[in-house]
Amino acid sequence: MIPATAAMQRPPDAKLLVVDASAHVTHYSQADFPTLVGASDLVVANDAATLPASLFGEHVATGRPIEMRLAGRRSLLPDDITRFTAVAFGAGDYRTPTEQRPAPPAFDVGDTLQLGPLRAVVVNVIGHPRLIEIEFQHSIADIWAGIARHGRPIQYAYVPQPLAIWDSWTRIANLPVAFEAPSATFILDWRVIAAIRARGARFATITHAAGISSTGDSDLDALLPLDEPYFIPESTASLVAETRRRGGRIIAIGTTVVRALEDAASYDGEVRPGMSMATLRVGRLTRLRVVDALVTGQHEPNTSHYELLRAFQDDEVLDRAIEEANAGGYRTHEFGDSLFVSDARSG
Amino acid sequence: MTEPDITGLRVAVTGGTSGLGLALVRRLLDHGAQVAFVARGRGRVERVQRELPRAHGIVGDVSLKEDIHPIAIQILGTLGGLDVLVNNASSLGPVPLAPLADTECEDLELALATNVVGPFRLTKVLLGSLAASARDRRAPLVVNISSDAAINAYAGWGAYGASKAALHHLSRIWNEELSAEGIRMISIDPGDMDTPLHALAVPDADRSQLKSPDTAAGELVALIAAHIRGSHRVLESAR
């Protein structure tokens, strides 16, 4: 376990690569993030807390060990947690890279899974042998308790130490509905939020059930991101509308915020408050209607996160930014350094 | 006096299976709040849960670091958010009470873990949800249950008094810091009550002289309702 005083999500020397609207690339320290926010801007973050969504147990029919990573649900309603979409792994754990993990047993509808204190039944196999829908056989309270006590944060081989729940808990964490940490949110702490406000800018949140980022199987990865439920508070929808009227920018902290806001505005360009399901895939051909800039981790090409960046800037600019980041020794992926990308058509 | 209106308020109470905590859970439910309660003993949680099926019982020990996030996940999961946190679970320190010179270090540590560090950890983990409540204009509130032993120096109450003094001061400082987020934090002395904790501390007390936990719980609910009403008035006039 990693001491809180050495948390890798908030390294004191974290870097921030900035690609502005005119495609200029500049190096900043992440501590300078508030200085990039203008007085009329609105910063929007995903306040989903992270479920310990990795559940170890056994496939009862074969007695073989499995790891189930919860990856999707139908809504964010507190009592709608009986059914989950989940990605199955065979024996072993995160220390083996996902692409080298042994396959889980073949699942049939009706199979029982014993996941610590939780018993679940396979109700559907969804287009891939490792992507299944499961139904927990417990009361709502016991499901919450079982996940909270038995679950572990989903993690990957590139972080050798086991993650504790607090390693995946952001400062603004609210409803526990994300399956992996909305990692860009680690750029925020209460001092940063105060600094954003001190500049005259506003701060708002959405809640988005961020799904899993990688499964180790290219066919399965191609199905990501799965449809993800999200919630947009009235206060956020009205702040977005007000900011746009005043000519301020909407700065999204994390790709999930882009997905939720753009999905919520897909009808007529106005962000609708309330609960919905993000089915929109943001990519090269997406015309952004709401978000002007995005703060995100470093992502490798051919991932859904990277595809989303292509909505903001041309490939040539993104390639140049990645070269600059590599030359500057930026740490890849979620934990550590970040990228601030403006929409080429804004500003 | 009008009935306190806290219908739909999402409240979590630690130490919710006995004394003030249990009385508070009952009162909050009576007034239409959604309530999650936390306590260490599974048997007691299940018993209270059977008596009060609308409440959400959570087994957990706030003095243990490893229990804090599972408790928070269950509070936020079952209530769908949080407006009021009542840090009520308390440890007396040594039983029977002892002068500080005879207090084992472990007893002092347990009092600090339960009465100061636990509330700090749980509140910190739940701050994001309280800030979200503030953005929804629901006037979030943290109530830390204190004692006159936090202010006055009573011989024999060293571990308890020192830990409650720390909690009291932490509440005052944090309240200052959180005003920008729209979160209020208060520390309340509910008075000497006829509770299991008081019986441990003063076994031969004249119970007829002690306040009933239900009376204290009623006062707390009135205070929470007044805070919600007052905050709404302030919010309305700021519009």
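Residues numbered from 1 in each chain as written. Chains lettered and ligands numbered in written order. Predicted model: local features only at pLDDT ≥ 70, side-chain atom pairs only at ≥ 80, totals over all residues.

### A look at the domain arrangement of chain A
Residue and element names in this part refer to chain A. The domain boundaries assigned to chain A delineate domain 1 (14-50 + 162-342) and domain 2 (54-150). A C-alpha centroid distance of 28 Å is found between domain 1 and domain 2. Every contact between the two is made by 20 residues of domain 1 and, on the other side, 18 residues of domain 2. Looking at the side of domain 1 that touches domain 2, the elements that each hand over two or more residues are helix H3 (218-221) and strand S13 (228-232). (Domains from an automatic or database assignment. Contact = placed C-beta atoms within 7 Å. Helix = DSSP H or I, 4+ residues; strand = E, 2+ residues; numbered from the N terminus.)

### With respect to the interface of chain A and chain B
Taken together, the contact pairs 23 residues of chain A with 19 residues of chain B. Mapped onto the side of chain A that touches chain B, the elements with two or more residues apiece are helix H1 (140-150) and strand S12 (202-208) of chain A. Here the element with the most residues in the side of chain A that touches chain B is H1 of chain A; it accounts for 5 residues. Looking at the side of chain A that touches chain B residue by residue, the class counts come to 16 nonpolar, 4 polar and 3 charged. (Nonpolar A, V, L, I, M, F, W, Y, C, P; charged D, E, K, R; others polar.)

### Topic: the sheet that holds strand S5 (residues 54-59) of chain A
Residue and element names in this part refer to chain A. In space, the 6 strands of this closed barrel follow the order S5-S6-S7-S10-S9-S8, with antiparallel pairing throughout. Direction aside, the axes of adjacent strands within the sheet are offset by 45 degrees on average. Across 5 bridges, the pairing between strand S9 (residues 118-125) and strand S10 (residues 131-136) is antiparallel. Opposite Val 122, over in S10, you have Ile 134 as the bridge partner. (Pairing = 2+ DSSP bridges. Axes fitted to C-alpha atoms, helices over the stretch in contact; angles between N-to-C directions.)

### Considerations on unusual backbone geometry
A cis geometry characterises the amide bond from Leu 224 of chain A onward to Pro 225 of chain A, with omega recorded as -5 degrees. Along the polypeptide, Pro 225 of chain A turns up in the loop between H3 and S13. Of note, the bond from Val 95 of chain B into Pro 96 of chain B is cis; its omega dihedral lies within 30 degrees of zero at -5 degrees. Tracing the chain through its elements places Pro 96 of chain B in the loop between strand S4 (84-87) and helix H4 (105-135). The backbone phi angle of Arg 137 of chain B is positive, close to 60 degrees, even though this residue is not glycine. As for its placement among the helices and strands, Arg 137 of chain B is situated in the loop between H4 and strand S5 (141-145). In this structure, Ala 139 of chain B takes a positive phi of about 55 degrees despite not being glycine. With respect to the element layout, Ala 139 of chain B can be found in the loop between H4 and S5. Residue classification places Ala 139 of chain B among the buried residues on the basis of 22 C-beta atoms within 10 Å. (Buried ≥ 20, exposed ≤ 12 C-beta atoms within 10 Å, placed from the backbone.)

### Points about the packing of helix H3 (residues 65-79) of chain B against H4 of chain B
All names here are of chain B. Packing of H3 against H4 brings their axes to within 9 Å, and their N-to-C directions diverge by 35 degrees. Crossing hand, H3 versus H4: right-handed. Residues Lys 65, Ile 68, His 69, Ile 71, Ala 72 and Leu 76 of H3 touch H4, and the partners they reach there are Arg 121, Leu 122, Val 125, Leu 126 and Ser 129. Here the contact of H3 with H4 is built from residues that sort into 7 nonpolar, 2 polar and 2 charged. (Left-handed = near helix turned anticlockwise from the far one by under 90°.)

### Comments concerning the sheet that holds S5 of chain B
Residue and element names in this part refer to chain B. What the 6 strands build is an open sheet, ordered S3-S2-S1-S4-S5-S6; its pairing is parallel. One side of each edge strand has no neighbouring strand; the edge strands of this open sheet are strand S3 (56-59) and strand S6 (184-188). Sheet twist, expressed as the mean angle between neighbouring strand axes with direction ignored, is 15 degrees. Alignment of S4 against S5, held across 4 bridges, turns out to be parallel. Counterpart to Leu 85 in the pairing with S5 is Val 142. Along the sheet face, H4 touches S4 and S5 and points at about 170 degrees away from the line of S4. Against the sheet, helix H5 (residues 158-178) makes contact with S5 and S6, and its axis sits at roughly 160 degrees relative to S6, the strand it touches most.

### Overview of the environment of Arg 119 of chain A
All names here are of chain A. Position of Arg 119 relative to the elements: it lies in strand S9. When the C-alpha atoms of Arg 119 and Glu 58 are compared, they prove to be 9.9 Å apart, with 61 residues separating the residues in sequence. Beyond its immediate sequence surroundings of up to four residues, Arg 119 is in contact with Thr 112, Gln 114 and Gln 137.

### Brief notes about the nonpolar core
In this structure, Val 43, Val 44, Phe 179, Ala 252, Ile 253 and Leu 261 of chain A together with Phe 37 of chain B are the most contacted members of the largest nonpolar core, which totals 158 residues. Top contributing element to this core by residue count: H4 of chain B, with 8 residues. Of the domains in this structure, domain 1 (14-50 + 162-342) and domain 2 (54-150) of chain A are the two that each give at least three residues to this core. Setting aside anything within four residues of it in sequence, one finds Phe 37 of chain B in contact with Val 13, Gly 16, Thr 17, Gly 21, Val 25, Val 48, Ala 55, Gly 57 and Ile 58 of chain B. (Core = buried A, V, L, I, M, F, W, Y, C linked by C-beta atoms within 7 Å.)

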